[in-house]
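Listed below, chain by chain, are the residues.
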Amino acid sequence: MENHVRVRFAPSPTGGLHLGGVRTVLFNYLFAKKHKGTFVLRVEDTDQTRFVEGAEQYIFDCLNWAGLNPDESPLNPGAYAPYRQSERKPMYRQYAEQLIAQCNAYYAFDTPEELEQMREQYKTPENPSPQYDHRTRGQMRNSLNLSPAEVQELIDAGTPYVIRIKMPENETVQFTDLIRGSISNETQLVDDKVLLKSDGMPTYHLAVVVDDYLMKITHAFRGEEWLPSAPIHILLWKYLGWENEMPHWAHLPLILKPDGNGKLSKRDGERLGFPVFAMEWKDPKTGDIVEGFKEKGFLPEAFINILAMLGWNAGTEQEIFSLEELCDLFSLERVHKGGAKFDYEKAKWYNQQHIQRADNARLAQLSKPYFEAKGVTVADDQKLEQAVAMVKERCHLLSDFAEQASFLFAAPVTHDLDAVKPKWTAEKSAFFTKWMDGLAQLDEPAAMEAAFGALAAEEGLKKGELMMPLRIMLVGGKFGPGVFDIIHFIGLEETKTRVQHVLAALA
Ligand code: GLU
């Protein structure tokens, strides 16, 4: 790589951070690490009408949870501060003016009513929403049609105006996308986008180009949904005289809904019962709360692994990767063009795999809130760690620990007696009473099991027929680790209390 690699994630903080956004962060981050480059986070907050309280901090929190912290950001400014576009407002106007001087842009004074009138006038069945472009701009109140004196007069009178790019007619804008290869766009299909708004703020199109230039961005990776904007940006790079410094582009494939076609949306998540945001998002206006992968019980390293596999593969059978491995192996050549379907079951499998690799003490801390949410108090961290080790194999989500192991800390409230009753006999009842009377000390699980089997044989009963009732007495249902491991964990007193309780119910 000839230059020092500088990549950026440039979110507009307007709400929950979609997993596609975090995947963009991840690919930027991996590319930066692989090339010993710099990963920049720039906040694109020029649209003041879309300001959402707390949305920026939420993005920092999501990246921090995922372990993808930027090298430069509003929180950690580098040499190119400020990193919030709203704070860079004075920087943009000069470039818009330069474009006007070069006849690549123009002032437009049209009122909302005039714009509406234009749309009405040019509306046809084939073109129901005509745009401000080479076909219509000739009819509008802009500096292409007014004399310089008229323009000056309007400006002096304080008439609100915007600055629009003048898209050329019949030109082909060509560029090379690192994932998609050569891409060409016909300029007459693109409208004259606003570059500077009447409040003096740049729009995204101007700001993204100016900032990528000023911040010396070498590679711009973003979602496929930005592909239609690329010709505008490329022309701006050219018009501003920065073509030689233009970043390499890569438009990342969409993350698709599991069923049908199209981009995975928040609504798909609600419909199908899985998260699409990295972390819980609480809308400050509506108060609505949308659960994220974090709260759902995903480990950040699993979330990263899932995202990496949405659009990329290592070219081997390997599916489980740590962030360090991904940093080593990642290459844009192995990112696919086609969209990647999101599969929630597979996502949970990744999480299960990472849970197996995770440290038990950490899992204990992370799963504790789920026990608390169920009203199960876990006072002893050491015990929780042991419990975690006993059930982790069966856990796909951190919340599963509370499902799988609460009975280790609190006696079950309900019991699946239907599984026991049909084959229950007075002999079995007598057996359990005798067994309990003989339980004098807490032996190792294997020894206790051997003694249990020996007593069953003495009483002429099959051990196999007694194990399931015993499990139901201790656990409440037909799940959990080895029965004698459970006894060893909860102790003899508690075991006897639970067995007696169910014997009474069966009598
Ligand atoms: N601000 C844009 C967004 O919200 C960034 C697009 C880009 O990376 O160029 O996604």
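Residue numbering note: each chain is counted from 1, following its sequence as written. Selection of residues for local features in this predicted model requires a pLDDT of at least 70, selection of side-chain atom pairs for listing and counting requires 80 or more, and totals for whole chains, interfaces and linings are taken over all residues. As a rule here, side-chain values cover all heavy atoms of the structure and leave hydrogens and water aside.

I would appreciate a short explanation of the packing of helix H17 (residues 445-458) against helix H19 (residues 483-490) in the present structure.
A pair of packed helices is characterised by two quantities: the angle between their axes and the separation of those axes. Following both chains from N to C, one finds H17 and H19 inclined at 120°, their axes separated by 9 Å at the closest point. Considering only the axes of H17 and H19, their crossing is right-handed. Contact residues: H17 offers Pro445, Met448, Glu449 and Phe452, while H19 offers Phe484, Asp485, Ile487 and His488. Considering only residue class, the contact of H17 with H19 consists of 5 nonpolar, 1 polar and 2 charged. Interaxial angles span 0 to 180 degrees and are taken between N-to-C directions of axes, which are lines fitted to C-alpha atoms, for helices over the stretch in contact. In this description a helix means any DSSP run of H or I spanning at least four residues, a strand means any run of E spanning at least two, and both kinds are numbered starting from the N terminus. Take the far helix as your reference; a near helix turned counterclockwise from it by less than a right angle gives a left-handed crossing, and one turned clockwise gives a right-handed crossing. The contact definition used throughout considers only heavy atoms, calling two residues in contact when any of these lie within 4.5 Å. Under the convention adopted here, Pro, Cys and the residues Ala, Val, Leu, Ile, Met, Phe, Trp and Tyr are nonpolar, Asp, Glu, Lys and Arg are charged, and Gly plus all remaining residues are polar.

Where do I start with the site of the ligand in this structure?
The full set of residues close to the ligand is Arg8, Ala10, Ser12, Glu44, Tyr204, Val208, Arg222 and Trp226. Within the contact set of the ligand, an oxygen atom lies 2.8 Å away from a side-chain nitrogen or oxygen of arginine 8. Polar contact criterion, stated in full: a pair of N or O atoms within 3.5 Å, where within protein one must be able to donate a hydrogen and the other to accept it, and residues adjacent in sequence count only if both atoms are side-chain atoms. Between the ligand and the protein, one listed contact pairs a nitrogen atom with a side-chain N or O atom of glutamate 44 at 2.6 Å. Of the residues contributing to the shell around the ligand, the split by class is 4 nonpolar, 1 polar and 3 charged. In this text, near means that some heavy atom of the residue lies within 4 Å of the molecule or strand in question.

Got a minute to help me understand the sheet that holds strand S4 (residues 162-165) in this structure?
The pairing of strands in a sheet happens through backbone hydrogen bonds and is either parallel or antiparallel. Paired strands, as defined in this entry, are two strands with at least two bridges between them according to DSSP. One open sheet accounts for 3 strands, arranged S3-S4-S7; its pairing is antiparallel. This sheet does not close on itself; its edge strands, each paired only once, are strand S3 (105-108) and strand S7 (194-196). For this sheet, the mean angle separating the axes of adjacent strands, direction not counted, is 45°. One ladder, built from 4 bridges, connects S3 with S4; its direction is antiparallel. Bridge pairing links alanine 108 to valine 162 in S4.

Even after reading the chapter, I still don't get the layout of surface pockets, so can you show me in this structure?
It is a probe the size of a water molecule, rolled over the atoms, that shows where empty space is left. Space inside the second largest pocket adds up to approximately 430 Å³. Along the wall of the second largest pocket there are 22 residues; nearest its centre are Asn3, Ile217, Thr218, Glu245 and Met246. Where the lining of the second largest pocket is concerned, the elements lending two or more residues are strand S5 (172-177), helix H6 (204-214) and strand S9 (248-252). Among the elements that make up the lining of the second largest pocket, the one with the highest residue count is H6 (3 residues). Residue classes in the lining of the second largest pocket are distributed as 10 nonpolar, 7 polar and 5 charged. With a 1 Å grid laid over protein atoms only, a set of points is called a cavity when a 1.4 Å probe fits there but cannot get out and a pocket when it is open yet has protein on both sides within 12 Å along at least five of seven lines; lining residues have an atom within 4 Å of a point. Grid points are joined across faces, edges and corners, and a volume is the space filled by probe spheres set on the points.

It is not clear to me how the environment of methionine 140 should be interpreted in this structure. Could you clarify?
With respect to the element layout, methionine 140 can be found in the loop between helix H4 (112-122) and helix H5 (148-156). For the exposure calls, accessible area comes from a 1.4 Å probe over protein chains only, and a residue counts as buried if that area is under 20% of its type's maximum, exposed if over 50%, partly exposed in between. Overall, methionine 140 belongs to the buried group, its relative accessible area being 8%. As a C-alpha pair, methionine 140 and aspartate 61 span 79 residues in sequence and 46 Å in three-dimensional space. Ignoring anything within four residues of it in the chain, the contact list for methionine 140 reads Asp110, Glu114, Leu115, Met118, Tyr132 and Asn145.

Teacher, can you tell me more about the packing of helix H1 (residues 19-34) against helix H10 (residues 300-309) here?
Axis separation between H1 and H10 bottoms out at 9 Å; the angle between their running directions is 85°. By the angle class used here, H1 and H10 are roughly perpendicular. In this structure, H1 contributes Leu19, Val22, Arg23, Leu26 and Phe27 to the contact, and H10 contributes Phe303, Ile304, Leu307 and Ala308. Among the residues forming the contact of H1 with H10, the class breakdown is 8 nonpolar, no polar and 1 charged. Comment on the angle field: the value is read as roughly parallel under 35 degrees, roughly antiparallel over 145, roughly perpendicular from 65 to 115, and oblique elsewhere.

Explain the environment of glycine 438 to me, please; I cannot follow it from the model alone.
In this structure, glycine 438 sits in helix H16 (residues 426-438). C-alpha of glycine 438 to C-alpha of arginine 394: the two residues are 44 residues apart in sequence and 33 Å apart in space.

Quick question: what am I supposed to make of the packing of aromatic side chains here?
We describe a pair of aromatic rings using the distance from one ring centre to the other and the angle between the two ring planes. The pairing test for Phe, Tyr and Trp rings, Trp by its six-membered ring, is centres within 6.5 Å, and the orientation test on the planes gives stacked under 30 degrees, edge-to-face over 60, and tilted for anything in between. All chains considered together, the criterion is met by 34 aromatic pairs. Where phenylalanine 274 meets tyrosine 344, the ring centres are 5.3 Å apart and the plane angle is 25°; that geometry is what we call stacked. Remark: tyrosine 344 occurs in helix H12 (residues 344-357) and phenylalanine 274 occurs in the loop between helix H8 (266-272) and strand S11 (281-282); sequence separation between them is 70 residues. For the ring pair tryptophan 424 and phenylalanine 432, a centre distance of 6.0 Å and an interplane angle of 20° mean the geometry is stacked. Residue tryptophan 424 is classed as buried on the basis of its relative accessible area, which comes to 15%. In this structure phenylalanine 432 comes out as buried when scored by relative accessible area, which is 0%. Linked through ring pairs, Trp65, Phe274, Phe293, Phe298, Phe303, Phe342 and Tyr344 together constitute an aromatic cluster. Charge-over-ring contacts are defined here by two conditions on Lys NZ or Arg CZ: a distance within 6 Å of the ring centre and an angle within 35 degrees of the ring normal. The ring of tyrosine 132 has arginine 164 sitting right over it, with the charged end atom 3.7 Å from the ring centre. The side chain of lysine 383 reaches across the aromatic face of phenylalanine 489, ending 4.1 Å from its centre.

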